[in-house]
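Remarks on the overall topology
Spelled out from the first residue to the last, the chains are:
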Amino acid sequence: GAGVSQSPSNKVTEKGKDVELRCDPISGHTALYWYRQSLGQGLEFLIYFQGNSAPDKSGLPSDRFSAERTGGSVSTLTIQRTQQEDSAVYLCASSPTSGKNIQYFGAGTRLSVL
Amino acid sequence: AQSVTQLGSHVSVSEGALVLLRCNYSSSVPPYLFWYVQYPNQGLQLLLKYTSAATLVKGINGFEAEFKKSETSFHLTKPSAHMSDAAEYFCAVSRSSASKIIFGSGTRLSIRP
């Protein structure tokens, strides 16, 4: 596609429910990143995919968070048993394997946990 | 470890005035440095990047930044502010290609008429 696409754009859920956030990277981009933007923590790295494997998942805040990428394209970030502190904007970015590390960001998914 | 410090969470300038947003970095390896801009309710857009070529980097919308190794700085400037420049600006650093980006805490730029 023309840019990184994220869905849904907004998600409201109740505490304790599971949520899935989707990211469609730019076609042909092999690298995919998830970040979280929250008021208290700023922009934080969560996980990085190269193809379908995740060589760096050091930013996942707890075992309630997981992500997968299939077919080297779409990625899903899953948050289990959501907590209020999970409320944030979740940003996805993709990058071609060009050695320049230019990451192109989607508009994000705003998650609100009530 | 890498980190980025942005001095000033909020900067306000008059329309037509110089914009200066400060960024200092810490990196144990030659860094890749970036400035991103985020307009209200939008995603991040890359303004410019430094990847060890020219130390003065020109970006979009008239912005530029100068890499100064001796000062570990990468300040963002624009000679004349425009109302449309009002946004949140993030300085960022990464180790190399295909690695995570470490963002600063952001500076909100306001433009006074």
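Everything in this summary refers to the structure shown in the same document. It should be emphasised that the depicted structure is a prediction, and the values quoted were computed from it without experimental measurement.

Attention now moves to the pattern of salt bridges. Scanning the entire structure with this criterion turns up 5 salt bridges over all chains. Between Arg36 of chain A and Glu44 of chain A there is a salt bridge whose closest N-O contact spans 3.2 Å. For the salt bridge of Lys78 of chain B with Asp85 of chain B, the shortest nitrogen-to-oxygen distance reads 2.9 Å. Each member of the pair, Lys78 of chain B together with Asp85 of chain B, is buried.

To describe a pair of aromatic rings, one takes the distance between the centres and the angle between the planes. This model, assessed by the stated rule, comprises 14 aromatic pairs over all chains. Centroid distance Tyr35 of chain A to Phe105 of chain A: 5.5 Å. Interplanar angle 40 degrees. Geometry classified as tilted. Remark: Phe105 of chain A occurs in strand 10 (residues 104-105) and Tyr35 of chain A occurs in strand 4 (residues 31-38); sequence separation between them is 70 residues. Residues Tyr35 of chain A and Phe105 of chain A agree in their burial class; the two are buried. Taken together, the ring pairs in this structure connect Tyr33, Tyr35, Phe45, Tyr48 and Phe105 of chain A together with Phe34, Tyr36, Phe90 and Phe103 of chain B into an aromatic cluster.

This brings us to the interface of chain A and chain B. With 19 residues of chain A at the interface, the matching set in chain B holds 19 residues. Where chain A abuts chain B, roughly 1500 Å² becomes buried across the two surfaces, and 58% of that area is made up of carbon and sulfur atoms. In this structure, the connection of chain A to chain B is made through 4 residue pairs in polar contact (both at pLDDT 80 or more). Taken together, the elements giving at least two residues each to the side of chain A that touches chain B come down to strand 4 and strand 5 (42-50) of chain A. The element contributing the most residues to the side of chain A that touches chain B is strand 5 of chain A, with 4 residues.

Moving on to the nonpolar core. Side chains of a nonpolar character, in soluble globular proteins, are inclined to be buried together. Core analysis: the largest hydrophobic core is formed by 27 residues, its most contacted members being Trp35, Phe74, Leu76 and Tyr89 of chain B. Counting residues in hydrophobic clusters, the runner-up holds 19 residues, among them Leu21, Ile26, Leu46 and Leu60 of chain A.

Okay, the state of the cysteines next. Counted under the stated rule, the structure contains 2 disulfides over all chains. Across the disulfide from Cys23 of chain A sits Cys92 of chain A; the S-S distance is 1.9 Å. Between Cys23 of chain A and Cys92 of chain A the sulfur-sulfur dihedral comes to about -65 degrees; the bridge is accordingly left-handed. With Cys23 of chain A in strand 3 (residues 19-24) and Cys92 of chain A in strand 9 (residues 88-95), this residue pair connects regions lying 69 residues apart in the sequence. The exposure class of Cys92 of chain A is buried, given its relative accessible area of 0%. The disulfide partner of Cys23 of chain B is Cys91 of chain B, and the gap between their sulfur atoms is 1.9 Å.

What follows covers the sheet that holds strand 8 (residues 75-79) of chain A. Note on sheets: strands pair through backbone hydrogen bonds, and any given pair is parallel or antiparallel. Residues and elements named next belong to chain A. Reading across the sheet, the 4 strands line up as 1-3-8-7 and stay open at both edges, with antiparallel pairing between neighbours. Each of the sheet's edge strands pairs with one partner strand only, and the pair in question is strand 1 (5-7) and strand 7 (65-69). Each adjacent strand pair in this sheet contributes to an overall mean axis angle of 15 degrees, direction not counted. For strand 1 and strand 3, the ladder comprises 3 bridges, and the chain directions are antiparallel. The residue bridging Gln6 from the neighbouring strand is Cys23, located in strand 3.

Moving on, we get to the sheet that holds strand 3 (residues 19-26) of chain B. Residues and elements named next belong to chain B. Overall, antiparallel pairing links the 5 strands, which are arranged 1-3-8-7-6 in an open sheet. Looking along the sheet, the strands with just one partner apiece sit at the ends: strand 1 (3-7) and strand 6 (56-58). The mean inter-strand angle of the sheet, taken between neighbouring strand axes irrespective of direction, is 20 degrees. For strand 1 and strand 3, the ladder comprises 5 bridges, and the chain directions are antiparallel. Of the residues in strand 3, the one forming a bridge with Val4 is Tyr25.

Moving on: the environment of Ala65 of chain B. Residues and elements named next belong to chain B. Here Ala65 is to be found in strand 7 (residues 64-68). When the C-alpha atoms of Ala65 and Gly8 are compared, they prove to be 17 Å apart, with 57 residues separating the residues in sequence. Residues in contact with Ala65, not counting those within four places in the same chain, are Trp35, Leu48, Thr55, Leu56, Val57, Phe74, His75 and Leu76.

The rules behind the values
Residues numbered from 1 in each chain as written. Chains lettered and ligands numbered in written order. Predicted model: local features only at pLDDT ≥ 70, side-chain atom pairs only at ≥ 80, totals over all residues. Heavy atoms only, no water. Salt bridge = Lys/Arg side-chain N within 4 Å of Asp/Glu carboxyl O. Buried < 20%, exposed > 50% of the residue type's maximum accessible area, 1.4 Å probe, protein only. Phe/Tyr/Trp six-rings, centres within 6.5 Å; stacked < 30°, edge-to-face > 60°. Helix = DSSP H or I, 4+ residues; strand = E, 2+ residues; numbered from the N terminus. Contact = heavy atoms within 4.5 Å. Buried area = accessible area lost by both parts, 1.4 Å probe. Polar contact = N/O pair within 3.5 Å; in protein donor to acceptor, adjacent residues only side chain to side chain. Core = buried A, V, L, I, M, F, W, Y, C linked by side-chain atoms within 4.5 Å. Disulfide = S-S within 2.5 Å. Pairing = 2+ DSSP bridges. Axes fitted to C-alpha atoms, helices over the stretch in contact; angles between N-to-C directions.

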